[in-house]
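What the coordinates show
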Amino acid sequence: MPQHKFESLNGFVDLHLHAGPALIEREFGAEEAASRAGRAGCRAVVLKDHHCPTMSLAQTLDERYGPEGLMVRGGLVLNNSVGGLNPYAVEAAAGFNAAVVWMPTVSAENHRKSLKREGVFFPVVAGIRKTPEPYLTWVDDRGRLKEPVETILDIIGQNPEVILATGHGGAGETDLLVKRAAARGLSRILVNHPLYMVEAGEEELKTWVSLGAYLEFTAIASLPGSPLYSIPPAKVAQTVKLVGPERIVLSSDLGLKGCGLQPEGMARFLELLQEEGVGQDEMALMTRDNPAALLGI
C-alpha cells in the first residue's frame, strides 16, 4: 500500500481543522491550510480556534477558494475568551454564518481534570496567564443544564443550519446536553472525540447515535507519533462496528505544530483504518456524506 492515498480525500469534508494565527502554535496559517486542502480535493473545511471566532477569516478564504471548489466555514468555541456560556456570542456567530458552535473546550472543567490523568496531553497556550480562569461546566447543582445553555439551544434551534458540537465536557455533561438538544428538536449534533477526554462508554455512544447525534473521531488522536495519540485506530474501527458508520464523522483536528500536516495526516489516518478492516464505502460515508449532511451541503 502506498504511504499516502490522496485520492481518498476527494470530496472530504473536514469539520475540525486548526490553523494560525492562534495562541496555540500551529503548523500552518489559514491561507496555507485552505490551499493544501483544496489541492488535495477536499470539498469543505471548518476552521476552529479555541480562543477566537473564525467566521470572518473563513469568509475571506471562502471568497478566495470557493470558486476553485473548496468551501471554507468557521465557528465559535464557548471558552472564557468569548465570555464562556455566552448566548450573545452565539447569536452573533449565527448572524455571521457560523457553521459550528462548540461547547467549552480548553475552559471546560473536564478538560482541566483530564490533563491530570495519565496519558492525556494537550498543548499549552502561548504566553503567561495573569487572569485566573473559572473553569466551566454546563450542568448545575441540580443536575440540569444551566439557564444560559438553554438559551443557547434556543438560538441554535432558531438557526438550524448551525451544528451544535459538544466540546470537552465529560461523558455525563455530554449525555445531558445531547439528550436535551435532541428533545428540543436539534438535528445537527456532533459529539467531539467521544473517547478522548470525554471517555464515553459503549452504551452512551449507542444512546447518542440513537438520538440522531454524530460521533466524531479525529486523525490527531489516532496517528502514532502524535503527542495527542491516545485512541488507536483499532479502537476507532471497533466503534464503527459497534454503532455503524451512518452516524460517525472522521475529521482531522490537525494543525498542531509537530502533529502531522493536513492532508497527509488525514490520508494516513484513513489508511490505518483500512488496515483495521474499515471498508471504502464506510469511509466515504464518514468522510464525505455524513459531514456534508451536518454542514448542509
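As a reminder, the structure under discussion sits directly above these lines.
Let us look at the structure shown here.

Cut-offs used in this document
- Residues numbered from 1 in each chain as written.
- Predicted model: local features only at pLDDT ≥ 70, side-chain atom pairs only at ≥ 80, totals over all residues.
- Heavy atoms only, no water.
- Pairing = 2+ DSSP bridges.
- Helix = DSSP H or I, 4+ residues; strand = E, 2+ residues; numbered from the N terminus.
- Axes fitted to C-alpha atoms, helices over the stretch in contact; angles between N-to-C directions.
- Contact = heavy atoms within 4.5 Å.
- Salt bridge = Lys/Arg side-chain N within 4 Å of Asp/Glu carboxyl O.
- Buried < 20%, exposed > 50% of the residue type's maximum accessible area, 1.4 Å probe, protein only.

Ordered in space as S4-S5-S6-S7-S8-S9, the six strands form an open sheet in which the pairing is parallel. Of all strands in the sheet, those bounded by a partner on one side alone are strand S4 (75-77) and strand S9 (248-251). Taking each pair of neighbouring strands and ignoring which way they run, the sheet shows an average axis angle of 25 degrees. Two strands pair when backbone bridges link them, and S4 and strand S5 (residues 100-102) are joined in this way by three bridges, in the parallel orientation. In the sheet register, Val77 faces S5, and the bridge partner there is Trp102. Against the sheet, helix H10 (residues 280-295) makes contact with strand S6 (163-165), strand S7 (189-191), strand S8 (214-218) and S9, and its axis sits at roughly 100 degrees relative to S9, the strand it touches most.

This brings us to the pattern of salt bridges. Inspection of the entire model under this criterion finds twelve salt bridges. Where Arg64 meets Glu68, a salt bridge forms, and the shortest distance between an N and an O atom there is 2.5 Å. A relative accessible area of 40% means that Arg64 is categorised as partly exposed. Glu68 sits in the exposed class, given a relative accessible area of 56%.

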